[in-house]
Each structure stands twice: as structure tokens, then as C-alpha cells.
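# Chains, contacts and geometry: an overview
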Amino acid sequence: MVADSSPRDLVARARGSAMVRETLTSVIERALEEARQAGELPVAQLPPVELDVPPSNQFGDFSSNVALVLARQVGAPPRDVAQRIASHLVTNGGLLQRVDVAGPGFLNFYLKPTWLHDVVPEICLQGDDYGRCNIGQGQLLQVEFVSANPTGPLSVPHGRGAAIGDVLARILSWVGYETRREFYINDAGGQVARFGESVEACYLQLLGDTETKVPDDGYQGDYVRDLARQILAREGDRLRDLPADERLETFTRLARDAMLAQQRETLARFGVHFDIWFSESELHYTGQIDEVIRVLLENGNAYESEGAIWLRSTAFGDDGDRPLVRGNGQPTYIAADLAYHLNKHRRGFQRVIDIWGPDHHGYIARTKAGIQALGIPADWLEILIFQHVSLRKDGEVVAGSKRLGNIVLLDEVIDEVGKDAARFFFLMRGANSPLEFDLDLAKQEALENPVYYVQYAHARMGSILREAAERCVVLPDPAQTDLSPLQHESELALLRHLAELPEEIRQAAILREPHRLTRYGQELAACFHAFYRDCRVLGEVPEIVAARLCLVLACRVALRNVLTILGVSAPERM
RNA sequence: GCGCCCGUAGCUCAGCGGAUCAGAGCAUCUGACUUCGGAUCAGAGGGUCGGGGGUUCGAGUCCCUCCGGGCGCGCCA
């Protein structure tokens, strides 16, 4: 049952599959360079080498379209170019077994068959770290998301933003960034004051005041009255007799704190924890907003007109100049936001990603213009917009409109479908696509539900390993086990998927697309279920039992890592 | 009017730095349990990738245009 492994082979194995792409890429790059020096590729600059996994393994383990990309520059038919490259590829003694030129000019690479088997011990060796890499090189990076006004509970769209931000942050830390999650509390503007005013009015009404009404542009929901009741229960009627401005200030503060606490609690049960809660009002009272305005006036990127101060955002590609300070002397939201981003920049973040809802896309141009006006490069800040969320319930689509007052709360969704399903569903679509969240499906404890499908695969892995223990089968050491019995098509397909995890994570990070991992999880689960059907683990001859148990161990590591990144639990039993 | 997003199978959506890209899940139909969890799996039907131009040897994929849907365009945050 022990492999034919000399120590040297084991070393080679341990370096194994995560480096397969890198190794192959450098082999190709070397061939390109040699071909160029031989005068066969007369181009100034060689393109980056892209490796794809072909749709069918009859096209090899990996393929590349470099020849197709180069053909025009070289001025030769793609297949000829491919042939020239292929002739410089070194195949002897290495990873690479064979290269084909196929179709219009693809290079198809066939690797030594053992490369897939080498994946298993490597995964088991790396364990919780399988899938990590270091393209971020420890750069300090911030993801800012949710950042709701503290004037109400979090709703469904906040949930989508929270899931995207949280998982993107985790993905980025997996690829080597030093990542911080930050929540910007918009607690300084007129909205918060109006909210305080609304709560204050309810409070006074509870004390029998029939004169005071909630302002028309105030907040009307039941939660406002609930909050007033809580304050009444805790503080009694003593707030009634405070001087008017002090009373409003008090209610604004109490209301803000209460909503913030509630939002924080909702996020916690959603599995989202922020490193920093940054208060907008801090920017006001520390003079950072005044400073930004002064700087912009001094460097000529702001000017006074019509009694207001304007950001010259048109100088940086925006459609119009934007007010920074109103006629009444109050700074606008943008002024605060620019001060905030300058603050982030000063805190040393090498890159910042803001995740905004669809209603904010109009602010991208002015914000980017603003930071440039402050001397910060436009690409230092990335703004990711996610699209609208609708809910499907009992076959009907629920609008979730704020205007109609029927907003659905994130808490309600978590209550109904649970944290795991909620997170998973929010991440099933690309941020650019509108998302229809099917509550009925998310709630089902059945195979149709993708979350259960994936989690069930994990539970099934656990079940096999438990059953093995029941039967007193000793768990094999993957590094010492001959894995060559893994030859069934289902086993090979599973191995290929396992080998791709690091690349999937890398792509999800580079493209800022967390939804790739929910899809990957579904694919991996599907591969595992197919393997389970085709290949019995226990009760076979010992060599096969050992090899397949190793495969199961590796699958469990990979799937658990995916679920960990998604913030979805990986149950041993269901 | 301007801007952003979307339009791919009956439904919800992947694929969009061109080729090896016509895909997944659900729904529908048909099959598979003395055995590690059938909460599973296999198979089938189903799409001129919104329309039309263009670039290209080659276009869901890039460009233009039109149509349809969603959302934004305050000295609100």
C-alpha cells in the first residue's frame, strides 16, 4: 500500500500541483524566448502566457492560446506559430509529457499522469492553507462595505453588500493581502438629526404630547416607536424637560447608538465582523473636513461661487462641478467623503475597495475626481457596485421597495433561511447581475437547494471517514500511499477540480468576484457525488481503500476551505 | 435628456482579456437502492446567446446602433 517513493520523489511531490501551473508557464515562457532568439518569433514583446483547462481532457490537461495571440504580430498562420513554439518546448524528464498543436492553433499540454495524484498529498499537507498564495505580498488593503446610515435596521441589499465585502476581504487575505474590513458610520448629516427628531417626537407622544408630530421628511417605521418606548422605559420622562437643542442632541445620540448596536448585532449573526467602525462625525470635530476644503481651495481644485464652495471635479473627468460647502456653511456629504478617503490614504492603505449599492453609481466619477484633486491616484480607489436584489417567496417576487415601506430586513431573511443559506445565496450571482433571492428554495432542506447540496457533500465525506473508523480501517498517510489506483474517470475529474482550487481563488481575488467560489463549491460537490456513486471506498481491496480514503481526505480539506472562505459552515453531519 | 447595470434553455443565472463556449441549477420526462447517508446519481427534451451593422481567418465575448427591462441623475446621506 506504500508508494514507490524514494525521499527525492516525496520532495518532488510535496512541491506538487499548486506549482504545476507556474512550472508549466515558465516552461512555455522559456520556449517562447528561445523561439524568439532563434528568429522564429519576430516580435518586440512576448505576451503573457495564459493557461486554460480545456473543456474535455482529450485536449490535454492544460492549453494555451499564445500562438493565436501572436499570429498576427508574427505574420504567420497560428498553427505554424504554435508549431514553432512547440519545437522549443522541453519535454524530457519533466512534468510535461506531450504537446499537441490542435484546432486553429492551440497548444495542448499533456502532463505526466502522476501529476494529478501528486495533488492529494499536497492538499493534505497544506490543510487549512491549501489554496493560499502570496500575490498580495502583504500589501495593506482595505475593504469598506455596508456603511449604512444609523437610521434604521439593515435590509436585504445591505446583506448582499455584507456578503460580497466579507468574502472578498477573506479571498484577498488568502492571496496574501493584509486586509482590513471597515464600516463607515454616516452619523453626522441631516438624516441622523432627522432620525433623532423622529424618535424624540414619538417619545413625547408617548408622554401624552399631542402637539408634536413626526416630521414629514422624518422616519415613520414601527422601529422608531419601539426605540422611543425603549428610551422611555430606560430614561423615564426626564428627557422631556431638557432644553430643546440639548434634548434633540440627546435623542439623536441615543437613536444613533441604538441603531448602530442593532446593525452590529445583525452583522454578527450574519458572520460579518469589522476591524474598524469609522465615524463620520469624527471627521467633523477633528477638523479633517475643514482641512480638505482648505487644501482644495489652496491647490486650485475648489472655488467659491454663489455663496457655496465647489469641487472642480470637471477637471478630473466628472460631468459637473460638485458642491463641497453649502450656502449655509455646512459641508456636503462629498466633503466628508473626501476627508474620509484622505484619512484612509494617510492610514497607509496601499489600495482601497469600496463596495456600494446600485443607487450610488452616480458618485463614482465625483469621488474619483475628488481623490485625484487631493493628489491621490485614481486607481488607488476601486469602487465595486453591486446590483439590485429582489426576493421570491411563494412563487411571487417581492419588490422590497423602501418607498412602499415594505422593505425586508436582513434579520428576517436570516431568521427564515439561516445564516449559511443567506450568505450562499447572496453570493451565487456576479455583483453586476441583479439577484433574485428565492427564499423558498433557500429554506428547503433538500437536494434542490445548492447550499444543502454542497454542505451535504461535506457531511458525506465525514460520514465515509466515520464509517471507516467504525470498521477499524486505519486512515492512511497520503504522503506514504500509492495513489495510482485512482484511475476511474470520476476520480480523475475530482482530482482535476481539486487541483484548480488555488487558481480559482486567485482569479476570484484578481477579478474581485467572490461568486466564483460558490460556483466552484457546487462543481466540486457535484464531482464528489459522482465519485461516490461510481467508486465505492470501503470494502474494496486495501490498496484501493487507502487511495480513495486519501482522496476523500483531500476533498474534505478543499471543500472545507471553500466553505470557510464563504463563511458557510461545513457540517460533519446534517 | 444624460449615466450605470442587465437581455444566453420554460424560470433563475454562469460563461464575456475572441477559438477547445452553447453551459449550470431549478422545472419537466425517464431510469438507478440487500452495499460507505437515495438529502444522491444517470439519461432526455429544450436556446438562430434581444435585433441589425462593423472589426477579424474566427464574435454571447470587442466596436457602433436600435429595441426592451432595472436603477440612478438635490447645496440628502
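Not measured: the values here are computed from a predicted model. The numbers attached to residues start from 1 for each chain and follow its sequence in the written order. For this description, chains carry letters from A and ligands carry numbers from 1, given in the order in which they are written. Local features in this predicted model are restricted to residues of pLDDT 70 or higher, and side-chain atom pairs are both shown and tallied only at a pLDDT of 80 or more, whereas totals for entire chains, interfaces and linings draw on every residue. Excluded from the side-chain calculation are hydrogens and water; included are all heavy atoms of the structure.

Before going further, it helps to examine the overall build of chain A. Regarding its fold elements, chain A presents 19 helices and 14 strands. If one aligns the C-alpha atoms of chain A with their principal axes, the spans along those axes are about 85 × 65 × 45 Å. Scored against the burial criterion, the 574 residues of chain A give a buried share of 50%. Per-residue accessibility takes into account occlusion by the displayed protein chains alone, with areas from the Shrake-Rupley method and a 1.4 Å probe. Summed over all atoms, the accessible surface of chain A reaches about 26000 Å², with 49% contributed by carbon and sulfur. Under the counting rule used here, the positive set is Lys and Arg, the negative set is Asp and Glu, and His together with the chain ends is not counted. Every charge is mapped to an atom, namely NZ of Lys, CZ of Arg, CG of Asp or CD of Glu. Computed over 60 positive and 80 negative side-chain charges, the separation of the two mean positions in chain A equals 2 Å. Starting at the N terminus, helices and strands are each numbered in turn, a helix being any DSSP run of H or I of at least four residues and a strand any DSSP run of E of at least two. Burial classification: accessible surface area is computed with a 1.4 Å probe over protein chains only, and a residue below 20% of its type maximum counts as buried, one above 50% as exposed, and the rest as partly exposed.

The subject of this paragraph is the packing of helix α6 (residues 156–174) against helix α17 (residues 489–510). The axes are straight lines fitted to the C-alpha atoms, using for helices just the contacting stretch, and the angles between their N-to-C directions are given from 0 to 180°. At a minimum axis distance of 9 Å, the contact between α6 and α17 shows a crossing angle of 120 degrees. As judged from the angle between their axes, α6 and α17 are oblique. In this structure, α6 crosses over α17, and the sense of that crossing is left-handed. In this structure, α6 uses L168, I171, L172 and W174 to contact α17, whose residues at the interface are I505, A508 and A509. Broken down by class, the residue content of the contact of α6 with α17 amounts to 7 nonpolar, no polar and no charged. Roughly parallel means an angle under 35 degrees; roughly antiparallel means over 145; roughly perpendicular covers 65 to 115; every other angle is labelled oblique. Here a crossing is taken to be left-handed if its near helix is turned anticlockwise relative to the far helix by less than a right angle, and right-handed if that turn runs clockwise. Every residue pair with non-hydrogen atoms within 4.5 Å of one another is taken to be in contact. When residue character is reported, Ala, Val, Leu, Ile, Met, Phe, Trp, Tyr, Cys and Pro are called nonpolar, Asp, Glu, Lys and Arg charged, and the others, Gly included, polar.

Glancing now at a nonpolar patch on the surface. A cluster of nonpolar side chains, namely I135, I510 and L511, defines an oily patch on the protein surface of about 230 Å² accessible area. Relative to the assigned elements, I510 resides in helix α17. On the basis of relative accessible area, I510 is assigned to the partly exposed category, the value being 42%. Each patch is assembled from residues with relative accessible area greater than 30% and no salt bridge, linking like charges that lie within 9 Å and nonpolar side chains (Val, Leu, Ile, Met, Phe, Trp, Tyr) that lie within 5 Å. Here, a salt bridge means any side-chain nitrogen of Lys or Arg that lies within 4 Å of a carboxyl oxygen of Asp or Glu.

This part is about the protein's contact with RNA strand B. As a matter of local geometry, RNA strand B sits amid 58 residues, with R326, Y363, L447, S463 and R533 nearest to it. Being near a molecule or strand, for a residue, means having at least one of its heavy atoms within 4 Å of it. Considering the 4 Å shell around the protein, atoms of RNA strand B inside it are sugar or phosphate in 65% of instances. We call two N or O atoms a polar contact when they sit within 3.5 Å, provided that within protein one can donate a hydrogen and the other can accept it, with sequence-adjacent residues counted only if both atoms are side-chain atoms. In the model, a phosphate oxygen of RNA strand B is placed 2.6 Å from a nitrogen or oxygen of the S433 side chain. Within the backbone of Y532, an N or O atom sits 2.7 Å from a base nitrogen of RNA strand B. Of all the secondary structure elements, the ones that give two or more residues to the surface near RNA strand B are α3 (66–74), β3 (106–111), α7 (190–206), β8 (308–311), β14 (435–438), α16 (450–470) and α18 (515–534). Broken down by element, the surface near RNA strand B gets its largest block of residues, 7 residues, from α16.

A few words now on the pattern of salt bridges. Under the criterion given, the structure shown has 40 salt bridges. In this structure, D222 engages R225 in a salt bridge whose closest nitrogen and oxygen atoms are separated by 2.8 Å. Highlighted residues: D222 and R225, both in helix α8 (residues 222–235), separated by 3 residues, approximately one helical turn. D222 sits in the exposed class, given a relative accessible area of 54%. For R512, the salt bridge goes to E382, with nearest N and O atoms at 2.6 Å.

For two strands to count as paired, DSSP must find a minimum of two bridges between them. Pairing is antiparallel across the open sheet formed by 3 strands, whose spatial order is β7-β8-β9. If you trace the sheet from one side to the other, it starts and ends with β7 (302–305) and β9 (322–325), each paired once. In this sheet, adjacent strand axes meet at a mean angle of 45 degrees when their direction is disregarded. Pairing analysis gives 4 bridges linking β7 to β8, with the strands arranged antiparallel. Within β8, the position partnered with E304 by the bridge is I309.

Mapping F195 onto the fold places it in helix α7. Sequence separation between F195 and A255 is 60 residues; the distance between their C-alpha atoms is 7.4 Å.

A separate point is the sheet that holds strand β1 (residues 62–64). One open sheet holds the 3 strands; their spatial order is β1-β3-β2, and the pairing between them is antiparallel. Only two strands of the sheet have a single partner each, and these edge strands are β1 and β2 (96–102). This sheet shows a mean twist of 25 degrees between the axes of neighbouring strands, independent of strand direction. When β2 meets β3, the two strands line up antiparallel, connected through 6 bridges. Across the sheet, the residue bridging to D100 is N108, located in β3. Along the sheet, helix α2 (residues 20–37) contacts β1, β2 and β3; its crossing angle with β3, the most-contacted strand, is approximately 130 degrees.

Attention shifts here to unusual backbone geometry. A positive phi angle is found at Q137, which is not glycine, with a value near 50 degrees. Not every positive phi belongs to a glycine, and V146 is a case in point at roughly 65 degrees. Looking at where V146 falls in the secondary structure, it is placed in the loop between β4 (140–144) and α6. Since its relative accessible area comes to 13%, V146 is described here as buried.

Remember, this is a structural readout, not a statement about activity or role.
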